[in-house]
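# Chains, contacts and geometry: an overview
Residues per chain, in single letters:
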Amino acid sequence: MSDKRVAVVTGARRGIGKATALAMAAAGFRVAVTSSNPGLPVAGAKGTAAGLSSTVDAITAAGGEALALPMDLLDRASIGRVVDAVIAQWGQIDVLVNNAIYQGDTLQCTVMDSAPDMLERVFLGQVVNTTYLTQRVIGAALGRHPLRVINVGSAGGRFDDAQAHPVGQGGTSFVYAASKAAFHKLAPMLHTELAHAGVHAFTMNPGLVQTEALTQFVGTVPGANPVEMPARVITWLATAPEALILSGTYQDAVTLYERHCSVGA
Ligand SMILES: NC(=O)c1ccc[n+]([C@@H]2O[C@H](COP(=O)([O-])OP(=O)(O)OC[C@H]3O[C@@H](n4cnc5c(N)ncnc54)[C@H](OP(=O)(O)O)[C@@H]3O)[C@@H](O)[C@H]2O)c1
């Protein structure tokens, strides 16, 4: 086992995932980053994942180590290859940040417009294959070293009452909310089943964060947070000894940021 800890951050080409990868590298982690965009080799990194260059370059320019890997949440084999590649390169995975989400063109639609094929793809990515990735990473860590899993959830999957506005008019879509709600069950279940074995899992709701995706689907939202806010919170959950008491729980990033991360920001 290396004395340098290793993190895997999924969906790190842009947005919250990219900011998290940079923050984890700044905290001393070797960071494997994934993107579903196939294509050109990334300079200075193993694997191929076009678009990860800016993430990798920023990490390496700051003196960190990054591994760029292609991973499509709809392609289970690519998920297995990510775990195998990280273990082959660095021997261990200490932190998994499940940030990536499959967002097809038709994600922003009403219940009546939610085609079965689209529902299957979204649940395959957000629930089935994200669980598979988590299983594979736990399998590599169990009995060897502790592991922290941080699942990036959403308030949209948290509340069961009717929302004020339908999708397209400020509300979230059924498939997004429902798949996040299912995904939210992963951390508490893992806590119950595996915290005694050193696996600690958290659900973190980033709140409104002005990412490319938010701009694309909703627009510019006054008061939305910068990507660095949830990135700092994820890094705190991944590293702070006092964060372990939150294992198995759902947490709002803004609250944790104000309590634990804002000093010196
Ligand atoms: N922004 C917000 O206000 C907000 C609020 C609540 C929750 N969240 C959650 O925060 C997370 C990040 O969101 P974001 O706003 O940063 O959006 P984003 O930029 O769309 O991030 C999603 C990431 O997933 C990757 N991805 C897309 N399709 C994929 C696929 N088929 N397989 C693997 N990876 C795929 C994307 O990279 P590639 O295209 O390179 O693969 C991208 O880096 C998501 O889980 C989102 O639900 C965000």
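Residues numbered from 1 in each chain as written. Predicted model: local features only at pLDDT ≥ 70, side-chain atom pairs only at ≥ 80, totals over all residues. Heavy atoms only, no water.

## With respect to the overall build of the protein chain
Looking only at helices and strands, the protein chain features nine helices and seven strands. Here the C-alpha atoms of the protein chain give a radius of gyration of 17 Å, agreeing with the 18 Å that 2.2 N^0.38 yields for 265 residues. By its C-alpha atoms, the protein chain is 50 × 40 × 35 Å across when sized along the principal axes. A burial count over the protein chain gives 50% of its 265 residues as buried. Of the contacts formed within the protein chain by residues at least 6 apart in sequence, a portion of 69% connects residues at least 24 apart. When the accessible surface of the protein chain is split by element, carbon and sulfur atoms take 55% of a total near 12000 Å². Averaging the locations of the 18 positively and 19 negatively charged side chains of the protein chain gives two centres separated by 6 Å. (Helix = DSSP H or I, 4+ residues; strand = E, 2+ residues; numbered from the N terminus. Rg over C-alpha atoms; globule rule 2.2 N^0.38 Å. Buried < 20%, exposed > 50% of the residue type's maximum accessible area, 1.4 Å probe, protein only. Contact = heavy atoms within 4.5 Å. Areas by Shrake-Rupley, 256 points an atom, 1.4 Å probe, with all protein chains shown as cover. Lys, Arg positive; Asp, Glu negative; His and termini not counted. Charge placed at Lys NZ, Arg CZ, Asp CG, Glu CD.)

## What to know about the pairing of strand β5 (residues 147-152)
Extensive coverage of β5 is indicated by the burial of six of its six residues. Where strand β4 (residues 95-98) and β5 come together, four bridges link them in parallel fashion. Opposite V95, over in β5, you have R148 as the bridge partner. Here β5 pairs with strand β6 (residues 199-205) via six bridges, running parallel. Its bridge partner being in β6, N151 is matched across the sheet by T203. (Pairing = 2+ DSSP bridges.)

## Concerning the confidence of the model for the protein chain
Predicted confidence across the protein chain gives a mean pLDDT of 92, with 92% of residues reaching 70 or more. Averaged pLDDT values over the elements of the protein chain bottom out at 84 in helix α7 (residues 212-217) and peak at 99 in β4. Of the regions scoring below 50 in pLDDT, residues 42-48 engages in 23 contacts with residues more than four places distant in sequence or in other chains. (pLDDT = per-residue confidence, 0-100.)

## Examining the packing of aromatic side chains
Tallied over the full model, the rule gives zero aromatic pairs. Positioned above the aromatic ring of Y132 is the side chain of R76, whose terminal nitrogen or guanidinium carbon lies 6.0 Å from the ring centre. The ring of Y250 is capped by R158, whose NZ or CZ atom sits 3.9 Å from the centre of that ring. (Phe/Tyr/Trp six-rings, centres within 6.5 Å; stacked < 30°, edge-to-face > 60°. Lys NZ or Arg CZ within 6 Å of the ring centre and 35° of its normal.)

## Let's talk about the sheet that holds strand β2 (residues 30-35)
Spatially, β3-β2-β1-β4-β5-β6-β7 is the arrangement adopted by the seven strands of the open sheet, whose pairing is parallel. Each having just a single partner strand, β3 (66-70) and β7 (250-252) make up the two edges of the open sheet. Averaged over neighbouring strand pairs, the angle between their axes works out to 20° when direction is ignored. Relative to β7, β6 runs parallel, the two being bridged by three bridges. Across the sheet, M204 pairs through a bridge with Q251, a residue of β7. Along the sheet face, helix α4 (residues 116-141) touches β4, β5 and β6 and points at about 175° away from the line of β4. This element, helix α8 (residues 228-239), spans β4, β5 and β6 of the sheet and lies at about 155° to β5. (Axes fitted to C-alpha atoms, helices over the stretch in contact; angles between N-to-C directions.)

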